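So the chains spell out like this:
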Amino acid sequence: MNTKYDYRVKTTAWSPGPGCHGGCGVELFVKDGKIVKVEGDYTHPWNHGRACSRLLACTQYINHPDRIRWPLKRVGERGEGKFERITWDEAFDLIEAKWTALKEQYGPESVIFIQGTGRDIGGPISFLCYSYGSSNWTQLGLAGQSCYTPRLCSMVATQGDFAVADCSQFFEKRFDDPRYKLPKYIVIWAQNPVAGCPDAFQGHWIVDCMRRGTKLIVIDPRATFFSSRAEHYLQIRPGTDGALALCMLNLIIENDWYDHEFVEKWCYGFEQLKSTVKDYTLSKTSAITWIPQEAIYEATKAYATNSPSAIHWGLPIDQVPEATSVSNAIISLWCITGNLDVPGGNVIARNAWDITQYPYSTDQLKDIYGEGILERINKKRVGAERYKYLANMRSWGQPDMAVQQMIDGNPYPIKSAWIQTSNLFGGQAADMRKHYKALMNMEFNVIVDLFHNPTTMACADIVLPAASFAEKESFRSWYQPLQLIQPNVQVDECRSDWEINLELAKRFNPILREKYPTFKDFVNERIKPSGYTWDTLKAEGGWKYPTMESWPRSVPYRRHERGDLRPDGQPGFRTPTGKIELYSTLGEKYGIHPLPFYVEPPESEVRTPELFRKYPLVMVTGRRSPVFFHSEHRNIPWLRVCDPYPLVEVHPDVMKALGIDHGDWVWVENDRGRVRRKVKENPSMHPGTVSVPHGWWLPETEGKGPNFYAAWDINCNILTPVDTQSESGYGGGAYKTTLCRLRKIEPDEDMHPNYEEGWKK
Ligand SMILES: Nc1nc2c(c(=O)[nH]1)N[C@H]1C(S)=C(S)[C@@H](COP(=O)(O)OP(=O)(O)OC[C@H]3O[C@@H](n4cnc5c(=O)[nH]c(N)nc54)[C@H](O)[C@@H]3O)O[C@H]1N2
Ligand SMILES: Nc1nc2c(c(=O)[nH]1)N[C@H]1C(S)=C(S)[C@@H](COP(=O)(O)OP(=O)(O)OC[C@H]3O[C@@H](n4cnc5c(=O)[nH]c(N)nc54)[C@H](O)[C@@H]3O)O[C@H]1N2
Ligand code: SF4
Ligand SMILES: [Mo]
């Protein structure tokens, strides 16, 4: 008998653990009730056994001595770091009593429900928010809701569905499926997918395509794994992707590289698009973007004249104020070149059997909560009145307005925050000081997390312990396949987010007791279109792809020709005109530009030249570290050793001009404040930019205030602004385009805590 483990089990790793948006199949090895080893599951078509460092280090994460193991109540003042153990019943009683009183006095919208990124959270948190009766579910701190939402909403508005680069991920047999074709080129636009598998896409799929012959075009201000292997690398000025996209459209139209048949048959507004992009000549665009004219021309030609080709885009597209517009322009690129929903192009990304756990768009909101839900929540939802586009595209509250309202109580008071899967002072919140003020202004904050962090220490009144993926029962329906997450171990009193929220929701909405006696009853209801129940899906291995026979709408390709996209079953797209809307009629209806346009970033040498003279470097924050997920994993020894310091990456010419060396500590500063960083020389950077990774706090330093794990000393979001969103309410934050300068920290200038060695302890 093998004594290394008692048994091994398979499940899906979807947060908490690696943290990411992906759905890797994993195998867990259990000994004495503890996970002792994690491996990628070689039989799982999503990852074929591949696993990143964070997944492999999950043993250290799940069994970490610092895990919060039972519910806690704050006993000292906020910031003193004093909490006492309470029972789950006591915790739920306290929350029920407080929220019942708030509802009576101020209305249910006075409680705001805050989540972080796309972990296994959208389902449980929206369920709790709407069961309690609040309208306010948001990613507070994520200025301009600037993560995937602008891109998602643009896709829904202009083409009626989401789309992603086709790496065969919608087929169980993957690259061996005879329907699949390889993209000739993949344009990797503002993303580094091997670092973090964003948006339900495994970065390694692109490597799989490259091995089979796909070539790359990479658009990124900083060299990456992929840019170094690209046929065309465009080193762009941060925040100018809109101008580049308009120029590429112009080139494609001028040179007649577009797909006439697709445009004539399926697109609406081509002539208007043609005239709007005319101004974006090569010379003008080259001056805006810093990219040589020839490079723009050659890359555009390669993409447009080699079909099929795909575009794979990332977060920086969302993190400019006119994100909706930039997204529209890039969508137009894959549409007019005839690359939508064709093998090897940008494939329409439907969930398996169209099953949703969580409303990505307002249609899905109605599907889950019934017809009247949008009208009900929009009466009070922050931002719904000001931004008609936001009010109709997705059900989140507008974060920049929410933080202001938490401070000034206008137009109605917000008194309590439920924070689940977000460490606002560790990573999510731009303009961290403003968010500190807002959360300290709340009467009652509940945080559901696995570890203490700067946010729990600063402002939690109750802390509830969350379970890792290995401890929880859940399901995943984000694109494909449909997957179960099955519990294998138990860590003290930790519970899954679904279990916590369902139980609390029942206290405010007793009908739920009969409707969903257990969480499995809820799952069975949601996954019904697949024909499986929890038990039958588990018995068949825990994951499934839909087939042409069972659900053609979720199966590629050319669904617009088959009549598999529109609710009326007619050919065409799920848009008001039934066509791809290069001119967006929904944009027009909701009061935003129907055609794409470009504006300068909020702070830039062109837009704010005086500020630029003072702060001449563009601070590009948040490039992903493969060993951390946002603010997570700084406390995981196997991971921290790979990336131990809060860095600023600087071009050698800038270092020389400023008299700083590799390894020096510097202040990165602007009018909003300063943060301490360690210099890393990086000759691949554009000299006008510095790269500042986000999510930094030091779990090895003191947690209570005023230190709060050093977050106020090193978190780069002290420097980033809020309130930069534009006409749609989405986009902005200047996370990639904030101006700054560097200044060497003189030894006598400031107490220098032992940041060099502390992490090794
Ligand atoms: N400067 C800068 N800031 C940024 C960005 C940037 O590029 N630059 N990126 C922004 C983006 S795109 C995003 S999406 C946000 C993300 O920001 P967040 O999603 O808030 O990420 P974290 O800071 O890691 O906070 C997550 C917290 O939730 C806990 N947690 C993890 N998984 C679970 C779970 O399943 N259940 C529960 N209950 N808790 C869990 C973790 O322990 C951690 O404390 O950050 C934003 N912040
Ligand atoms: N390991 C790990 N994985 C993660 C995360 C994590 O924190 N850690 N976070 C997750 C989340 S919530 C998200 S949203 C995604 C984000 O992941 P991505 O979409 O990959 O976004 P970033 O890492 O911010 O930036 C990607 C690349 O864009 C470049 N870039 C910066 N500014 C610009 C610009 O203005 N234009 C262009 N063209 N390029 C630019 C950066 O140099 C970087 O190489 O990652 C997810 N995956
Ligand atoms: S980051 Fe990628 S490899 Fe790691 S767990 Fe997530 S999907 Fe899997
Ligand atoms: Mo994100």
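Cut-off values and rules
- Residue indices begin from 1 for each chain and proceed along its sequence in written order.
- Lettering for chains starts from A, numbering for ligands starts from 1, and both go in the order in which the items are written.
- For this predicted model, a pLDDT threshold of at least 70 governs which residues receive local features, and a threshold of 80 or more governs which side-chain atom pairs are given and counted, while totals over whole chains, interfaces and linings are taken from all residues.
- In computing side-chain values, all of the structure's heavy atoms are included and hydrogens and water are not.
- Counting from the N terminus, the helices are the DSSP runs of H or I reaching at least four residues and the strands are the DSSP runs of E reaching at least two.
- Radius of gyration here is computed from C-alpha atoms only, and the compact-globule reference equals 2.2 Å multiplied by the residue count raised to the power 0.38.
- Exposure classes here rest on a 1.4 Å probe applied to the protein chains alone. A residue is buried below 20% of its type maximum, exposed above 50%, and partly exposed in between.
- Throughout, a residue-residue contact means that at least one pair of heavy atoms, one from each residue, lies within 4.5 Å.
- Note on areas: Shrake-Rupley, 1.4 Å probe, and residue coverage restricted to the protein chains presented here.
- Any residue with at least one heavy atom within 4 Å of a molecule or strand is counted as near it.
- Each residue is assigned to one of three groups, with Ala, Val, Leu, Ile, Met, Phe, Trp, Tyr, Cys and Pro labelled nonpolar, Asp, Glu, Lys and Arg labelled charged, and all others, Gly among them, labelled polar.
- Two N or O atoms form a polar contact when they lie within 3.5 Å of each other; inside protein one atom must be a possible hydrogen donor and the other a possible acceptor, and for residues adjacent in sequence the pair counts only when both atoms belong to side chains.
- An automatic or database domain assignment supplies the start and end points of every domain.
- The nonpolar core is taken to be a set of buried Ala, Val, Leu, Ile, Met, Phe, Trp, Tyr and Cys residues, with the residues joined through side-chain atoms within 4.5 Å.
- For two strands to pair, DSSP has to find at least two bridges joining them.
- Here the axes come from fitting lines to C-alpha atoms, over the contacting stretch only for helices, and the angles between their N-to-C directions go from 0 to 180 degrees.
- Buried area is calculated as the accessible area (1.4 Å probe) missing from two parts once they are joined, with the contributions of both summed.
- Criterion for a disulfide: a pair of cysteine sulfur atoms at a distance within 2.5 Å.

A. Just the overall build of the protein chain, in detail. Looking only at helices and strands, the protein chain has 30 helices and 27 strands in total. Relative to its length of 761 residues, the protein chain is compact, with a C-alpha radius of gyration of 25 Å against a globular reference of 27 Å. Here the C-alpha coordinates of the protein chain stretch approximately 70 × 70 × 65 Å along the principal axes. Across the 761 residues of the protein chain, 66% fall into the buried class. Considering only contacts within the protein chain whose residues lie at least 6 apart along the sequence, 72% involve residues at least 24 apart. Accessible area for the protein chain stands at about 26300 Å²; split by element, carbon and sulfur atoms hold 50% of it.

B. Spotlight on the site of ligand 3. In the neighbourhood of ligand 3, the contacting residues comprise Pro18, Cys20, Gly22, Cys24, Trp46, Cys52, Arg54, Leu55, Cys197 and Gln202. When the residues that make up the shell around ligand 3 are grouped by side-chain class, the tally is seven nonpolar, two polar and one charged.

C. Structural context of the site of ligand 1. Neighbouring ligand 1 are 34 residues; Ser422, Asp449, Asp497, Ser631 and Asn717 lie closest to it. In this structure, Asn717 approaches ligand 1 through a side-chain N or O atom, which is 2.7 Å from a nitrogen atom. Burial of ligand 1 by the surrounding chains reaches 99%, relative to a free accessible area of 920 Å². For the shell around ligand 1, a count of residues per class yields 10 nonpolar, 18 polar and six charged. In terms of domain composition, the shell around ligand 1 takes at least three residues from each of domain 2 (72-138 + 359-476 + 482-544) and domain 4 (609-720 + 731-744).

D. Fine view of the nonpolar core. Formed by 184 residues in total, the largest nonpolar core has its most connected members in Trp99, Trp189, Trp334, Ile336, Trp418, Leu464 and Tyr479. Sort the elements by how many residues they give to this core and helix H8 (residues 241-254) lands first, with 10 residues. Membership of the second largest hydrophobic core comes to 49 residues, among which are Ala417, Leu617, Val666 and Val692.

E. Broad picture of the sheet that holds strand S10 (residues 215-219). Pairing is parallel across the open sheet formed by four strands, whose spatial order is S11-S10-S9-S13. The open sheet has two free edges, formed respectively by strand S11 (232-234) and strand S13 (309-313), since each of these has just one partner strand. Averaged over all adjacent pairs, the angle separating strand axes in this sheet is 15°, with direction ignored. In the packing of helix H13 (residues 323-336) onto the sheet, the strands contacted are strand S9 (185-189) and S13, and the crossing angle to S13 comes to about 165°.

F. Inspection of the domain arrangement of the protein chain at higher detail. Taken domain by domain, the protein chain comprises domain 1 (7-62), domain 2 (72-138 + 359-476 + 482-544), domain 3 (149-351 + 572-589) and domain 4 (609-720 + 731-744). For domain 2 versus domain 3, the separation of C-alpha centres amounts to 34 Å. If you look at the interface, domain 2 gives eight residues, while domain 3 gives 11 residues. Summing the contributions of domain 2 and of domain 3, the shared interface buries around 860 Å²; its carbon and sulfur component is 70%.

G. Up close: the pairing of strand S2 (residues 24-31). Burial of S2 is extensive: seven of the eight residues sit out of reach of the surface. Both strand S1 (residues 7-13) and S2 contribute to a ladder of seven bridges, which runs antiparallel. Bridge pairing in S2 places Thr12 opposite Gly25. Pairing of S2 with strand S3 (residues 34-40) involves six bridges; the strand directions are antiparallel. Residue pairing across strands places Leu28 opposite Val38, the latter belonging to S3. Turn length for the S2-S3 hairpin, with the two strands adjacent in sequence and antiparallel, is two residues, and the turn residue Asp32 shows positive phi of about 50°.

H. Expanded view of the state of the cysteines. In total, this model carries zero disulfides according to the counting rule given. There is no disulfide at Cys267, and the cysteine sulfur nearest it, in Cys335, is 5.8 Å away.

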